[in-house]
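# A closer look at the structure
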Amino acid sequence: MNDMSAPPYKVVGTRPVRPDGVDKVTGKAVFGPDFAASGMLHGAVLRSPHPHARIRAIDTSKAAALPGVRAVVTGADFPTLESLTMALGESSGDVLDIARNCMALDKALYEGHAVAAVAATSTLIAREALQLIAVDYEVLPHVIGIEEAMAADAPVLHDTLFTKGLDATPDKPSNVATRFVMANGDVESALAGAAAVASGRFTTAPVHQGYIEPHACVASVNADGQTQIWASSQGAFMIRSLTATILGMPISDIRVTPLEIGGGFGGKTTVYLEPVAVLLSRKCGLPVRLVMTRDEVFRASGPAPGSVVDLRIGADKDGKLVAADIEFRNSAGAFPGSSVHATAMCSLACYRIANFRVTGWDVVSNMPSSAAYRAPGAPPVVFAVESALDEIAMQLGLDPIDLRLRNAVRPGDPGPMGMPHGPVALVECLEAAKAHPHWTAPLAPRHGRGVAAGFWPNYGGQSTATVSVAEDGTITVVTGSPDIGGSRASMAMMAAEVLGLPYEAVRCIVADTASIGFSMVTGGSRTTFATGKAVVEASEAVVATLRARAAAIWGIEDDAVTWQGGAAQAAGQEPLTIKAIAAKAGQSAGGTIAAEATVNPLDYAAGLAVHICDTEVDPETRQVRVARYTAVQDVGRAIHPSYVEGQMQGGAVQGIGWALNEGYVHDAGGRVANAGFLDYRMPVASDLPMIDTVMIEVPNPAHPFGVKGVGEAPIVPPLGAVANAVSRAAGVRLRDLPMSPDRVHAAIAAKG
Amino acid sequence: MARVLLTPAVLAEFPGAAETGAVEAVNLFQLVRELDARFPCMGPWCDARAAFAVDGVSAPDWSQRLGPDSEVLIITRIAGG
Amino acid sequence: MTTATYHAPASLSEALGLLAAHPGAQVLAGGTDLIVQVRAGRAAPSAFIDIKTIAGLTGVRRSGEGFAIGAATPCTALLKDAALCAAWPGVVEAANLIGSVQVRNRATMGGNLCNASPAADSVPALIAAGATCLIAGPQGEREVAVTDLPQGPGRVALQPGELIVELRLPARPMGGGDAYLRGIPRSEMDIAVAGAGVALVLGADGLCTAARVALGAVAPTALLVPEAGAALVGTRIDDAALTRMAAAAQAACKPIDDKRGTAVYRIHMAGVLARRAALIARDRAENNA
Ligand SMILES: Cc1cc2nc3c(=O)[nH]c(=O)nc-3n(C[C@H](O)[C@H](O)[C@H](O)COP(=O)(O)OP(=O)(O)OC[C@H]3O[C@@H](n4cnc5c(N)ncnc54)[C@H](O)[C@@H]3O)c2cc1C
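### Considering the site of the ligand
Contacts to the ligand come from 33 residues, most closely from Val27, Thr32, Asp33, Thr108 and Asp121 of chain C. Mapping the residues near the ligand onto chains gives chains A and C. Here an oxygen atom of the ligand sits 2.8 Å away from a polar atom, N or O, in the main chain of alanine 29 of chain C. The protein chains hide 91% of the 980 Å² of surface that the ligand would expose on its own. In terms of residues, the shell around the ligand owes the most to one element, helix 7 (residues 109-115) of chain C, which gives four residues. Classifying every residue of the shell around the ligand by side-chain character gives 20 nonpolar, nine polar and four charged.

Put into structure tokens, the structure is as follows:
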């Protein structure tokens, strides 16, 4: 394990209560759907009942005439495609898709696709008005499944979509947006010489992020164009820029105030309602609230892509991996963009393999446009790869952890995108897993044990933070990074550590877009790393100022002053506490003490995780029970260990759901059949054992406290870990997720 | 002359750029201008989508000087969740 | 705008009068189906007639040797009646598999029956137990076997203006025992993929003298499967009898593939659950002999 002795931190590594905790447990916290502005109207969105239809005409006159209705909008109220292309140039593609996803223009591309919206004096009137909107649909043949969508005779969603990445540009549009190939060495001859080869097809269903809080916002537009939006999301700045871009507005005209967020998991890194609410408010001059129902969340907000993965992986007789050939197809939903690059990059990132060919296809079909979901792209392909490694271990009679250790990447090895791996700690994670009592605990009858590893690159990027000293020497930290996992606590802790103050002396808030500099979304496991760096830099600048003030008061050089225990220290002087300096600052000593830091670090470090899972398969009902689960992860440095463990446990649980029972089910008409929590079977508390966690701390040298991101890596291994456990318990390889009892039954029955 | 390496994700967008080889540029800004001149739209695309690594180290700051033997890797940015 | 009206009658006759006066009215018991359906736009009653305010419709009464359960009695209240729990544990357990504690604090067996979902949990248990329901309506009162009430998904044999007043359970026979089990992929908060209720009687000699087997979620309505019951009668509920019983239960299934599970799996589960429920019922019967 890590041989660095733990640095002597006072605050970092402790487990204080989060600053937003009291509000949340007492029900005071204002989440997206809770916010109300005075004079606010209530909006509702009309959604297509057809998975694929041309919109010939929309007649909103009856709805507009209903008493109480103040505004109606349709796709025609959005700026035109041409004007957006002119304004944005090459990068307009995605934004156009996001705009079209917010509201259909000439075609509804999935059941639930927004086609019109109204604002009225009550929700009931708004809903009634929707029924008065007459949409003339020409129903078109639809396609849902990945392979069906790739077929030559499939109904085509976009006649402007020509496959990128083929040797020759196709002359016909299709549902295949991109082919992507990553290759090295000679796969075929390496496979031919392999002692063990695992091969097969693995599939996963589209799954929803399953956040409890539905999408919601309030927008208020003034006659001069100045606009306010209150919304919960993973990035207020993301809402601001996307809304401004989609509606052709100056960014500075929009101010977005973040509300408490009730879960995002990647699904709140884009806009659905905000541009629509702005258009409605612009038409009537009053604030307008839009809130999705659970049904709308499932039908119209982003699932993670489903996938079909074919692979062959070979190893020599000692278990050294010699070659991998992977072809995966991701379902992007209605618009291109199913994280094929990340899928390819993460597929083999854990292992040294000289010969590989990874081919990815990004495929559109008549489903909601897919959205990010923790480690977007990685879990399905890693499920396939880790299943194959389990088969190889069985074929060669090797311990599955030993097999992985034999092939694990080490720092400096070639990385998946051509850059060398940074401080990856896969070996440490595997060794900790092997040493954990779980790995050697005896297995009860009918139980199986699976293990799997996972890689996620993490991210850095732009963040801003300000740190200011109040008149009494207490501290306010302001960031622009929505807090989805306890980051306000972590930011306050890092500032307190630098300032030498107790945690309680530092409070942290997330500001609106007019009150702090640009910060990217809280996503990509970047916030504690990047925003944390900004907080540390700003705190250090405040310490420098405090030392300078003390030096001025004492009449000595700045360099002669050190900062320790929240006070300036110098030889022969009584320490000057921050409280004393702050008190003087306003009167005699240089004015307000505050600092801002803007950062854009890209020296982030990848997250590695190894999970062990025991499952029991009922011999009659074929029902799977997760009996024991251990999540090991290299976390760099755990600023707040409880919240890091929470990320690891949450990732494991979401992955278990993905593996066992979650998944979109479509009926023959292309409509979602299980758009609610009763039939979209996320795990409930009683389905799960305690998720044990083991944090490995191999610090990231590029972060002052060694932080690596921890939010995404833990959802990468569980699909494989659970599938390997179930396969070993059931005596048959389970290749299709979810492994619902009827699937397990069918797999066992097929084996005979 | 900096040596330019394009990852498959970039090649999918600009198939013709495979043989790019070496580009004369003092820094990444100039490198992107040179690429844009050769391959239509590559400049705006780099602004929006690309990430660079110079000699195996990621380079967020495009003003970074390029040496005569620098190896520049162009990759696409990966979105997180 | 059309808005539904809400009524809280104090008596059964007032409720019947309201039902007669409002043709599009629906009875509101716990509302755990009805309110959900209204919100989703799948039901739009002209009026809600709340039966929870009717005196005497909430609670469990002794009725002769048997039990009368008021139609507005929430499922969790059944747990508090020790005699009912001792006599018909399978019924009480079935009702207390529904949803979560919060749902069960509202949900009623009458609502479960009248909502007529093929997967309703309390219904197979009630059928196995030989329960009846007392129905009141414009023509007066009638008593109908629970097994005769469901007609298809969402349809029950109630005439306009009628409502269920109470569910009736007979006295537990000497040597009787019952049980209900369901299959769900999760451990709770899920809808049955299949369900099986078994009630049986063991004679003094340990031989089964009567048995009723009912299945849920494997056909458009809950099914009473007389052949399955017959397979147990005259046996010691041994392995061979259980195998014949399970086969008879499976033969009666007419399930569909849907979002909750495949037809093949449902049939498989009907056999597994009927067998397991019969074993529990047998153990209970032995303790009651
Ligand atoms: C989260 C959740 C989980 C659930 N889980 C389950 C489950 O696990 N198993 C299961 O079986 N069900 C489940 N249900 C469905 C529901 O809770 C049950 O069917 C419940 O028993 C319905 O009872 P209720 O009193 O709430 O009925 P209500 O919603 O009040 O009524 C249901 C229907 O019956 C009619 N009705 C009610 N009482 C009478 C009467 N006395 N006379 C005539 N008509 C009447 C109503 O008009 C309505 O049409 C679940 C529901 C939810 C919301």
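Moving on from the model shown.
### Digging into the pattern of salt bridges
Residues and elements named next belong to chain A. Tallied over the entire structure, the rule returns 57 salt bridges over all chains. Taking the shortest distance from any N to any O, the salt bridge between aspartate 603 and lysine 533 comes out at 3.1 Å. Separated by 70 residues along the polypeptide, aspartate 603 in the loop between strand 25 (594-599) and strand 26 (607-617) and lysine 533 in helix 17 (residues 527-554) bring together distant segments of the chain. Among the salt bridges present, the one from arginine 625 reaches glutamate 616, with a minimum N-O distance of 2.9 Å.

### Looking at the interface of chain A and chain B
With 31 residues of chain A in contact, the opposing surface of chain B contributes 22 residues. For the interface between chain A and chain B, the tally reads one salt bridge. The shortest N-O distance in the salt bridge between arginine 49 of chain B and aspartate 94 of chain A comes to 3.5 Å. Counting across the chain A and chain B interface gives three residue pairs in polar contact (both at pLDDT 80 or more). Those elements giving two or more residues to the side of chain A that touches chain B turn out to be strand 7 (176-184) and helix 11 (340-347) of chain A. In terms of residue count, the dominant contributor to the side of chain A that touches chain B is strand 7 of chain A (five residues). For the side of chain A that touches chain B, a count of residues per class yields 14 nonpolar, 11 polar and six charged.

### Remarks on the side chain of arginine 449 of chain A
Residues and elements named next belong to chain A. Relative to the assigned elements, arginine 449 resides in strand 18 (residues 447-456). Residue classification places arginine 449 among the buried positions, given a relative accessible area of 11%. A distance of 2.9 Å separates the side chain of arginine 449 from the backbone oxygen of tryptophan 439, its partner in a polar contact. Within the structure, the side chain of arginine 449 is placed 2.8 Å from the side chain of aspartate 614, a separation counted as a polar contact. Residues in contact with arginine 449, not counting those within four places in the same chain, are His438, Trp439, Thr440, Ala441, Pro442, Leu443, Ile612, Cys613, Asp614, Asn724, Ala725 and Arg728.

### Let's talk about the nonpolar core
Ranked by size, the top nonpolar core spans 115 residues in total, and within it Tyr629 and Met739 of chain A carry the most contacts. Top contributing element to this core by residue count: helix 12 (residues 378-396) of chain A, with 10 residues. With near-sequence residues (within four places) excluded, methionine 739 of chain A lies in contact with Val624, Ala659, Leu660, Val722, Ala723, Val726, Leu734 and Val744 of chain A. Of all hydrophobic cores here, the second largest spans 55 residues; its members include Trp88, Val123, Ala129 and Leu163 of chain C.

### As for the sheet that holds strand 27 (residues 624-634) of chain A
All names here are of chain A. The strand order across the open sheet formed by four strands is 18-26-27-28, and the pairing between neighbours is mixed. The sheet is open, and its two edges are formed by strand 18 and strand 28 (691-696), each paired on a single side. Put simply, the sheet's adjacent strands are angled 15 degrees from each other on average, direction ignored. Here 10 bridges tie strand 26 to strand 27, and the two strands are oriented antiparallel to one another. Bridge assignment links histidine 611 to a residue of strand 27, and that residue is alanine 631. On the sheet, helix 19 (residues 641-660) packs against strand 26, strand 27 and strand 28 and is oriented at approximately 125 degrees with respect to strand 28. Contacts between helix 20 (residues 718-730) and the sheet are confined to strand 18, strand 26 and strand 27, with strand 18 contributing the most and set at about 160 degrees to the helix.

### Focus: the pairing of strand 4 (residues 60-63) of chain C
All names here are of chain C. Pairing of strand 4 with strand 5 (residues 66-70), which is carried by four bridges, proceeds in the antiparallel orientation. Each bridged residue has a counterpart across the sheet, and for arginine 61 the counterpart in strand 5 is alanine 68. In textbook terms, the turn of a hairpin is the stretch between consecutive antiparallel strands, and for strand 4 and strand 5 this stretch comprises two residues, one of which, glycine 64, has a positive phi near 60 degrees.

### Some details on the pairing of strand 25 of chain A
Residues and elements named next belong to chain A. Judged by which residues are buried, strand 25 turns out to be one-sided: Ala595, Ala597 and Val599 face inward and are buried, whereas Ala594, Glu596 and Thr598, on the alternate face, are not. Examined bridge by bridge, strand 19 (residues 463-469) and strand 25 share six bridges and lie antiparallel to one another. Residue pairing for strand 25: threonine 464 is matched across the bridge by threonine 598.

### Topic: helix 11 of chain A
The buried fraction of helix 11 of chain A is high, at eight of eight residues. Those residues of helix 11 of chain A lying buried are Val340, His341, Ala342, Thr343, Ala344, Met345, Cys346 and Ser347 of chain A.

### A look at the domain arrangement of chain A
Residues and elements named next belong to chain A. According to the domain assignment, chain A contains domain 1 (420-454 + 605-751) and domain 2 (460-599). If you average the C-alpha positions of domain 1 and of domain 2, the two centres end up 39 Å apart. Listed per partner, the contact involves 14 residues of domain 1 and 15 residues of domain 2. Buried area between domain 1 and domain 2, summed over both chains or domains, comes out near 1,100 Å², and the portion from carbon and sulfur atoms is 70%. Our enumeration of links across domain 1 and domain 2 arrives at four residue pairs in polar contact (both at pLDDT 80 or more).

What counts as what
- Residues numbered from 1 in each chain as written.
- Chains lettered and ligands numbered in written order.
- Predicted model: local features only at pLDDT ≥ 70, side-chain atom pairs only at ≥ 80, totals over all residues.
- Heavy atoms only, no water.
- Near = heavy atom within 4 Å.
- Polar contact = N/O pair within 3.5 Å; in protein donor to acceptor, adjacent residues only side chain to side chain.
- Areas by Shrake-Rupley, 256 points an atom, 1.4 Å probe, with all protein chains shown as cover.
- Helix = DSSP H or I, 4+ residues; strand = E, 2+ residues; numbered from the N terminus.
- Nonpolar A, V, L, I, M, F, W, Y, C, P; charged D, E, K, R; others polar.
- Salt bridge = Lys/Arg side-chain N within 4 Å of Asp/Glu carboxyl O.
- Contact = heavy atoms within 4.5 Å.
- Buried < 20%, exposed > 50% of the residue type's maximum accessible area, 1.4 Å probe, protein only.
- Core = buried A, V, L, I, M, F, W, Y, C linked by side-chain atoms within 4.5 Å.
- Pairing = 2+ DSSP bridges.
- Axes fitted to C-alpha atoms, helices over the stretch in contact; angles between N-to-C directions.
- Domains from an automatic or database assignment.
- Buried area = accessible area lost by both parts, 1.4 Å probe.

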